[in-house]
Amino acid sequence: LSVQQAVDTVNIDSMVWHLQRLSGEVPVDVGNGDETIASRYQSNAGNALAQAWLQQQFTNMGYAPTVQVFGTSGANIIVEKPGVTHPERKVIICAHYDDMPGGPVNAPGADDNGSGVCAVLEAARIMASLSFENTVVFALWDQEEEGLIGSTYYASVAGGNDDQISAVVNMDAIGYDGDADGLLRIFTGPVANSEAIKDSALSVNATYGLDLSICGEDPGAPVFYHISFWGEGYGALTIAEDYDNDINP
């Protein structure tokens, strides 16, 4: 399977199917009958239900997801697809699955950040049968809305273990385009190989006919969890909708 064929395999219906369930429009069944993910705020029951359902989706694709527990209730969902040549080198494709607000108000979080989560799931689906030189990590962070807690925990553990992380591609709120101009933003900066990762993204956009309008922010805003990896000296970037002029209201 070529890169072009893999790109052509991206299926919007697959992403919508996952998003409908993750955002509570369609119930899920993780072994207890139909349940609705009404909110993914870290202290709400929907957060744990989402965690179980997301693990189920990865398992259905043939992966063996693990849960990285942190704090009193945090839970990152991690899938590693070992590389065939350099399994010690990791490329991370990630998004956060928690959302806001808390309290009695439901927080379906379809865009922030169900859209990013479903993009990670779609990448995992397409890449399941493929082999790669480096290890690919599909990561879904918890408690990002509380201050980048989940990604910071993972990055700090990785840094402490001297893990070789070659690139981190984070997606956060990629689903809204109110003015239909197709514009997305890449948030990057002069840390490790972050600029090279951005250049690769631009090259992919041009080479494989994605035809997306891309605006770069350098240095990127410190509100996304590429910052967690920058703190450990790893190259990382965030892909998001147009946060400056067309942010989801």
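Relevant structure appears above.
Bear in mind that the values here come from a model prediction, so they are computed numbers and not experimental data.

Quick notes on the rules
Note on numbering: residues in each chain are counted from 1, in written sequence order. Reporting of local features is limited, given that this is a predicted model, to residues whose pLDDT is at least 70; pairs of side-chain atoms are given and counted only at 80 or more, and all residues count toward the totals for whole chains, interfaces and linings. Computation of side-chain values covers all heavy atoms of the structure but excludes hydrogens and water. Salt-bridge detection follows one rule: a side-chain nitrogen of Lys or Arg within 4 Å of a carboxyl oxygen of Asp or Glu. A run of DSSP states H or I qualifies as a helix once it reaches four residues; a run of E qualifies as a strand once it reaches two. Both are numbered from the N-terminal end. Each residue gets one of three labels from its accessible area relative to the maximum for its type: buried under 20%, exposed over 50%, partly exposed in between, using a 1.4 Å probe on protein chains only. Only Phe, Tyr and Trp rings are paired, with Trp represented by its six-membered ring, and only when their centres lie within 6.5 Å; those with planes under 30 degrees apart are stacked, over 60 edge-to-face, the remainder tilted. Helix axes are fitted to C-alpha atoms over the stretch in contact, other axes to C-alpha atoms as well, and angles between N-to-C directions run from 0 to 180 degrees. If an angle is under 35 degrees, it is roughly parallel; if it is over 145, roughly antiparallel; if it lies from 65 to 115, roughly perpendicular; otherwise it is oblique. The handedness criterion is simple: a crossing whose near helix is rotated anticlockwise from the far helix by less than a right angle is left-handed, and one whose near helix is rotated clockwise is right-handed. The contact criterion used is simple: two residues touch if any of their non-hydrogen atoms lie within 4.5 Å. Under the counting rule used here, the positive set is Lys and Arg, the negative set is Asp and Glu, and His together with the chain ends is not counted. Two N or O atoms count as a polar contact when they lie within 3.5 Å, although within protein this holds only if one can serve as hydrogen donor and the other as acceptor, and sequence-adjacent residues are included solely when both atoms are side-chain atoms. Amino acid classes used here: Ala, Val, Leu, Ile, Met, Phe, Trp, Tyr, Cys and Pro are nonpolar; Asp, Glu, Lys and Arg are charged; the rest, including Gly, are polar.

**Focus: the pattern of salt bridges**
Inference 1: One pass over the structure, following the stated rule, counts 10 salt bridges.
Inference 2: Among the ionic pairs, E80 bridges to K90, the shortest N-O distance being 3.2 Å. A residue pair is termed long-range when its members are at least 10 positions apart, and E80 in strand β2 (residues 74–81) and K90 in strand β3 (residues 86–96) qualify at 10 residues.
Inference 3: When its relative accessible area of 12% is taken as the criterion, K90 is described as buried.
Inference 4: Between E122 and R125 there is a salt bridge, and its shortest N-O distance comes to 2.7 Å. Placement of both E122 and R125 in helix α4 (residues 110–127) is noted, with a separation of 3 residues, approximately one turn of the helix.
Inference 5: Residue E122 is classed as buried on the basis of its relative accessible area, which comes to 2%.
Inference 6: Taken together, the shared-partner salt bridges in this structure form one network comprising R185, E217, D242 and D244.

**With respect to the packing of aromatic side chains**
Inference 1: Taken as a whole, this structure holds 10 aromatic pairs when the rule is applied.
Inference 2: A centroid spacing of 4.8 Å and a plane angle of 50° characterise the contact between F187 and F224, whose relative ring orientation is tilted. Linking F187 in strand β6 (residues 183–187) with F224 in the loop between β7 (213–217) and α7 (226–230), this pair joins segments that are 37 residues apart in sequence.
Inference 3: Looking at F224, the relative accessible area reads 2%, which means it is buried.
Inference 4: A network of ring pairs unites the aromatic residues F58, Y63 and F138 as a single cluster.

**Some words on the packing of helix α3 (residues 45–60) against α4**
Inference 1: Between α3 and α4, whose axes approach to 10 Å, the crossing angle comes to 20°. Between α3 and α4, the angle falls in the class roughly parallel. Handedness of the crossing formed by α3 with α4: right-handed. Contact residues: L54, Q57 and F58 in α3; V117, V120, L121 and A124 in α4.

**Focus on the side chain of E241**
Inference 1: For E241, the location among the structural elements is in strand β8 (residues 236–241).
Inference 2: For the buried E241, no salt bridge exists, and the shortest N-O distance to an oppositely charged side chain is 9.9 Å, to R185.
Inference 3: A polar atom in the side chain of E241 sits 3.0 Å from the backbone nitrogen of Y176.
Inference 4: Look past the residues within four positions of E241 in its chain and what remains in contact with it is D111, D172, A173, I174, G175, Y176, L183, R185, I247 and N248.

**Notes on unusual backbone geometry**
Inference 1: Looking along the chain, the bond that leaves M100 and enters P101 is cis, with omega of -5°.
Inference 2: Its location among the elements puts P101 in the loop between β3 and α4.
Inference 3: Of note, the amide linkage connecting D218 to P219 takes the cis form, showing an omega dihedral of 0°.
Inference 4: With respect to the secondary-structure elements, P219 resides in the loop between β7 and α7.
Inference 5: Even without being glycine, D162 reaches a positive phi, approximately 55°.
Inference 6: Position of D162 relative to the elements: it lies in the loop between α5 (149–160) and β5 (164–171).
Inference 7: The backbone of A192 shows a phi angle near 50°, a positive value even though the residue is not glycine.

**Things to note about the packing of helix α2 (residues 12–22) against α4**
Two numbers describe a pair of packed helices, the interaxial angle and the distance between the axes.
Inference 1: Relative orientation of the contacting elements α2 and α4 amounts to 135°, with a least axis distance of 9 Å. The angle between α2 and α4 falls in the class oblique. For the pair α2 and α4, the sense of crossing is right-handed. For the pair α2 and α4, contact is made by S14, M15, H18, L19 and L22 and by A110, G114, S115, V117, C118, A119, L121, E122 and R125, respectively.
Inference 2: Partitioning the contact of α2 with α4 into residue classes produces 8 nonpolar, 4 polar and 2 charged.

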